[in-house]
Amino acid sequence: MQIVFVNAHNLQEIKQSAPDVAMALGYFDGVHLGHQRVIQTAKEKAKSQNLSLAVLSFFPHPKSVLFPNKEVFYLEPLEQKAEKLERLGVHIFYVVEFTKELAKVEPDQFLSDYIIGLNAKEIICGFDYTYGAKASGTVDTLAAYAATQQVGLTVVEKFTRNEQKISSTLIRRYLTEGKLNELPSLLGSFYKTKYCQKNGLLPNYSLPNVGSYKVLIEARNLYIECVATVLCKKHIQIHYETSTLPNLLTIQWVDQLETVPS
C-alpha cells in the first residue's frame with residue numbers, strides 16, 4: 001500500500017500522477033466494523049470499475065487543531081491504522097494534513113481540490129460524513145456535487161449493534177467504562193495498544209481507566225495471558241515477570257477485573 005501525505009503545498013504535484021480511484025472518505029479512527037463496511041463497499045466499486053482503491057483521511061485529528069486546549073483521545077496511531085487499511089486491500093492511503101487553513105476551505109472547494117482533484121471516480125462514505133468549513137458539507141451536498149461532476153457516490157447506511165451506532169465515540173466510551181469485552185463486536189478484535197516498558201504508552205493510543213484488566217501480551221509469536229493494572233493515562237503495571245518480555249509490548253485488552261492483584 002502506498003501512503004501519500006498531502007498538504008496545500010504538494011497537492012498540485014500529487015494531482016499530476018494520481019491514478020483513477022474509488023475513494024473511501026472518513027477519519028477511520030480504530031478502523032471499526034462500520035469503517036470496514038465503508039471500505040469493503042469501496043473495494044467492490046473499485047473492482048467492478050477497474051479502479052484503484054483509495055482511502056482519504058486526515059492527520060492530526062481536526063478537533064486537536066480546532067480546539068488545541070482540549071485533549072483528543074486517539075484509538076490508534078497513523079501507523080496502526082495504515083496496517084489495518086493495507087490488510088483490507090487498500091492501494092493508496094491519502095493522509096491530508098489538517099490545518100486551520102484547511103478548516104476554512106468551503107465544501108465545494110475541498111471536493112474540487114482533494115477528491116475530484118485526486119481523481120476519485122467513485123466516492124464512498126458513511127451516512128454522517130461531513131466536510132468543509134464548519135463541517136457544512138453533508139452527504140446531500142456531496143450528492144449534488146458528485147452529480148455535476150458525473151462521479152459516482154455511494155452512501156453507506158448506519159451500522160448498528162444493539163440499536164447503537166458503531167462509532168469511534170462508542171468505542172472510547174466503552175474503553176473508559178472498562179467494557180473491554182464489548183469491543184470485539186465493534187472493532188472485530190480486542191482493543192490493542194503498544195507499550196514501552198521504559199517510557200510508557202506509545203503516542204496516540206488510549207488506555208482504559210485506572211483499574212486492573214485481563215490482557216494478552218503478544219511476544220515472540222505467543223500470547224501471554226496475565227493482568228495489567230492501569231496506573232494513569234500513560235503507565236501500567238504488568239503482573240508478570242517483565243524481564244522475560246521485550247521492551248516494546250503489544251497488549252490486547254480483554255476484560256476488566258473487579259479486584260486489584262496484590
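In this report, the structure presented in the accompanying data block is examined.

About the thresholds
Residues numbered from 1 in each chain as written. Predicted model: local features only at pLDDT ≥ 70, side-chain atom pairs only at ≥ 80, totals over all residues. Heavy atoms only, no water. Pairing = 2+ DSSP bridges. Helix = DSSP H or I, 4+ residues; strand = E, 2+ residues; numbered from the N terminus. Axes fitted to C-alpha atoms, helices over the stretch in contact; angles between N-to-C directions. Contact = heavy atoms within 4.5 Å. 1 Å grid on protein atoms, 1.4 Å probe; cavity = no way out; pocket = protein on both sides within 12 Å on 5 of 7 lines; lining within 4 Å. Points joined across faces, edges and corners; volume = space filled by probe spheres on them.

### Side note on the sheet that holds strand β6 (residues 152-156)
Backbone hydrogen bonds are what pair the strands of a sheet, in a parallel or an antiparallel way.
Here comes step 1: Read across the open sheet, the 6 strands follow the order β1-β4-β3-β2-β5-β6; overall the sheet is parallel. Edge positions in the sheet fall to β1 (2-6) and β6, since each of these pairs with one other strand and no more. Averaged over all pairs of adjacent strands, the angle between their axes in this sheet comes to 20°, without regard to strand direction.
Here comes step 2: Direction of pairing for strand β2 (residues 21-25) relative to strand β3 (residues 52-59): parallel, over a ladder of 5 bridges. By the bridge assignment, leucine 25 is partnered in β3 with leucine 56.
Here comes step 3: On top of the sheet, helix α5 (residues 107-116) reaches β1, β2, β3, β4 (92-97) and β5 (120-126); it is set at about 130° to β3, its chief contact.

### So, the pairing of strand β9 (residues 191-196)
Here comes step 1: The pairing of β9 with strand β14 (residues 248-256) spans 6 bridges and is classified as antiparallel. In the sheet register, tyrosine 191 faces β14, and the bridge partner there is tryptophan 253.
Here comes step 2: Strand direction decides the pairing type here: β9 and strand β10 (residues 200-201), joined by 2 bridges, are antiparallel. By the bridge assignment for β10, tyrosine 195 is matched with leucine 201.
Here comes step 3: Once β9 ends, the chain turns through 3 residues before running back antiparallel as β10.

### Quick look at the sheet that holds β10
Here comes step 1: Spatially, β10-β9-β14-β11-β12-β13 is the arrangement adopted by the 6 strands of the open sheet, whose pairing is antiparallel. The open sheet has two edge strands, β10 and β13 (236-239), and neither has a second partner.
Here comes step 2: Examined bridge by bridge, strand β11 (residues 211-219) and strand β12 (residues 222-230) share 9 bridges and lie antiparallel to one another. Its bridge partner being in β12, valine 215 is matched across the sheet by cysteine 226.

### A short note on the layout of surface pockets
Here comes step 1: One number sums up the size of the second largest pocket: a volume of about 340 Å³.
Here comes step 2: If you go around the second largest pocket, you meet 18 residues; those closest to its centre are Gln80, Lys84, Arg87, Ser189 and Lys192.
Here comes step 3: Counting residues per element, the lining of the second largest pocket draws most heavily on helix α4 (residues 78-87), which supplies 4 residues.

### Focus on unusual backbone geometry
Here comes step 1: Following phenylalanine 59, the chain continues into proline 60 via a peptide bond in cis, with omega recorded as -5°.
Here comes step 2: Tracing the chain through its elements places proline 60 in the loop between β3 and α3 (62-66).
Here comes step 3: Unusually for a residue other than glycine, asparagine 50 sits at a positive phi of about 55°.
Here comes step 4: Counting through the fold element by element, asparagine 50 comes out in the loop between α2 (33-49) and β3.

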